[in-house]
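# Close look at the chain arrangement
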Amino acid sequence: MPAVQSLLTASDFPGGSKLPHPDATRIRLPLFGHKVQAGFPSPADDYVEAWLDLNEHLVEHKEATFFVQAAGDSMTGAGIQEGNLLVVDRALEAKHGDIVIAEVDGELTVKRLEKRRGKIRLVAENPAYAPIELKDGQELRVWGVVTSVIQRFKR
Amino acid sequence: MGRRHQRHPTLQAMTFALVDGNNFYVSCERVFNPKLEDRPVVVLSNNDGCVVARSAEVKALGVPMGEPWFKLKDLARKHGILAYSSNYTLYADMSNRMMQVLGSYSPQQEIYSIDECFLGFDGFPNADLYTIGQRIRLQVKQWVGLPVCVGFGATKTLTKLANHCAKKGLAGADGVCDFGRMSVTELDTLFARIGVGEVWGVGRRLTERLAGMNIATVRDLRIADTRMIRDTFSVMLERTVMELRGISCLELEELAPAKKQIMSSRTFGAYIYTLPELEEAVSSYMARAAEKLRRQCSVAGAVQVYIRTNPFNESHPQYQRGVTVPLTQTTSDTVRLTRAALWGLKRLFKPGFAYQKAGVMLMDIGPAEQTQGVLFQTASPEHPALMQVMDRANAKWGRGTLRLAAEGMAKPWQMKRDRVSPAYTTRWEDLPRVN
């Protein structure tokens, strides 16, 4: 189909158009032999609901939610194992008893937050680790509140 | 506080806010690496060339924006300046989060750049904007971890200036500046202290020319004769003067989010001389562009490809050219788009030049469902399933995991990014690790 092809290659190309246009293919015209199926709608169509979405279940504040990976064994008592995925919501205000990501000496760490009688501690859920006590004047910097832990089983 | 500007609902139709991230790229790095807090940090441009973001500590050392990194090495060693390559994946994700949070403050939002957006507050005649500004600062800091400054004004130009004042602490040191709360005399005093070069749209050239006419401060420009400004300079600058006086000439541009053009281009890490290498680069850029196209569920009707030498290298012969290749049928198929781009490239390429940059642009973009069939064409086969697998694999295992052979394997043209931080928020294996 030379006529169509010269149309396609157009004249925007200063180098002329000796190469065939990239879209040009040999054409076979289809034979419309098959019939159109009118079909019946499925009786279940009216009962279809949306898929369940884990994001919806696990993420309350999309913009403020970050995923981090747990390392070490300091929180095994809270069910957090090495390599687990933690869902962290920065929109939440950290309360006593929350598992939080906090900044300690320039590192991010996951611990349970304890606020009692004006004293603030970051407590590991493993007796092998001593709690981190905040000294007077030292500011607690909570990075976010852990809302879920996701553990995938090896198989 | 004296007389106040009245926020009369009919006279002053709109109040604008401009929210701008402080040292945005540096702040993004700091969110995931708290060690960088209070330390001098810079982020470098593509190919680790120049400084594109500076922390306050670096600014205090007198390092200008755009300074080439190699010139900084001594200073960096002396002061322990930490340098990062641009991690645009991270910055874009953090920007999206910030913009989403900001969008909840007003239905009228203009995202002006990766780190700043305008908000319109026309339905808030009695709202205490200053308090809203403080709330914005707190929320963005807590939710996304980024420090921002907020400026309020009756026009976009004034709002930009208010943001500058907030950032520099020229009108209160708490990161929010509302010109609407200041009296005429207060504003006048403030504007007399700010150089005219800080005004939106007034660049270095213009600043010099204005200085020659004794217009040195914002105050000078604000009271300049508009007719003279228009005749000597331009209608644009006249409009700026009007805006400085509180007469709004620029509207919010809440553009449709789906892009009408998608670009993907890079400067090479080293010069390229041969067609096969250029083909690899172009194929790779097209793969990125096509992925973006599919993500917004669009198809393209034409492909533009261009190549150029380094225009600043005046001793070398120069060459620069681009072509547009129309497609017979709109598509989002990487295979077809790449074929079109390479076809165009073949006609552009001239040997004997040191090529520095190549790029592709997808044009004539529309929604995927409106793909028009072509009479007498079985069309080049589309590969929707393959494209889906490719996009998923690349999202999961990193860009370029699955690619067309046309992209090549070694990629000698790829840019240098030796100091790039992990894609903390967009790749599973790059997630921050916490003990």
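Whatever comes next refers back to the structure up there.
Residues numbered from 1 in each chain as written. Chains lettered and ligands numbered in written order. Predicted model: local features only at pLDDT ≥ 70, side-chain atom pairs only at ≥ 80, totals over all residues. Heavy atoms only, no water.

## Some remarks on the overall build of chain B
On a plain count of helices and strands, chain B comes out with 14 helices and 14 strands. Classification of the 435 residues of chain B by burial places 51% in the buried group. Within chain B, contacts between residues separated by at least 24 positions form 68% of all contacts whose residues are at least 6 apart in sequence. Carbon and sulfur atoms make up 52% of the accessible area of chain B, which totals about 21000 Å². (Helix = DSSP H or I, 4+ residues; strand = E, 2+ residues; numbered from the N terminus. Buried < 20%, exposed > 50% of the residue type's maximum accessible area, 1.4 Å probe, protein only. Contact = heavy atoms within 4.5 Å. Areas by Shrake-Rupley, 256 points an atom, 1.4 Å probe, with all protein chains shown as cover.)

## A look at the packing of helix α1 (residues 24-32) of chain B against helix α4 (residues 88-103) of chain B
All names here are of chain B. Two elements in contact, α1 and α4, have axes whose closest approach is 10 Å; the angle formed by their N-to-C orientations is 95 degrees. The orientation of α1 relative to α4 falls into the category roughly perpendicular. On the side of α1, the interface is formed by Phe 24, Tyr 25, Cys 28, Glu 29, Val 31 and Phe 32, while α4 contributes Tyr 88, Leu 90, Tyr 91, Met 94, Ser 95 and Met 98. Of the residues in the contact of α1 with α4, the class split is 10 nonpolar, one polar and one charged. (Axes fitted to C-alpha atoms, helices over the stretch in contact; angles between N-to-C directions. Parallel < 35°, antiparallel > 145°, perpendicular 65-115°, else oblique. Nonpolar A, V, L, I, M, F, W, Y, C, P; charged D, E, K, R; others polar.)

## What about the sheet that holds strand β1 (residues 65-70) of chain A?
Read across the sheet, eight strands follow the order β6(A)-β5(A)-β4(A)-β3(A)-β7(A)-β2(A)-β1(A)-β14(B) without closing on themselves; strand pairing throughout is mixed. In the strand order of this sheet, the two ends are held by β6 (132-133) of chain A together with β14 (433-434) of chain B, each with one partner. (Pairing = 2+ DSSP bridges.)

## A closer look at the environment of A:Val123
Residues and elements named next belong to chain A. If you trace the backbone, Val 123 turns up in strand β5 (residues 119-123). The class for Val 123 is buried, based on a relative accessible area of 14%. When the C-alpha atoms of Val 123 and Met 75 are compared, they prove to be 9.0 Å apart, with 48 residues separating the residues in sequence. What Val 123 contacts, discounting residues up to four positions off in sequence, is Met 75, Lys 111, Arg 112, Glu 114 and Pro 131.

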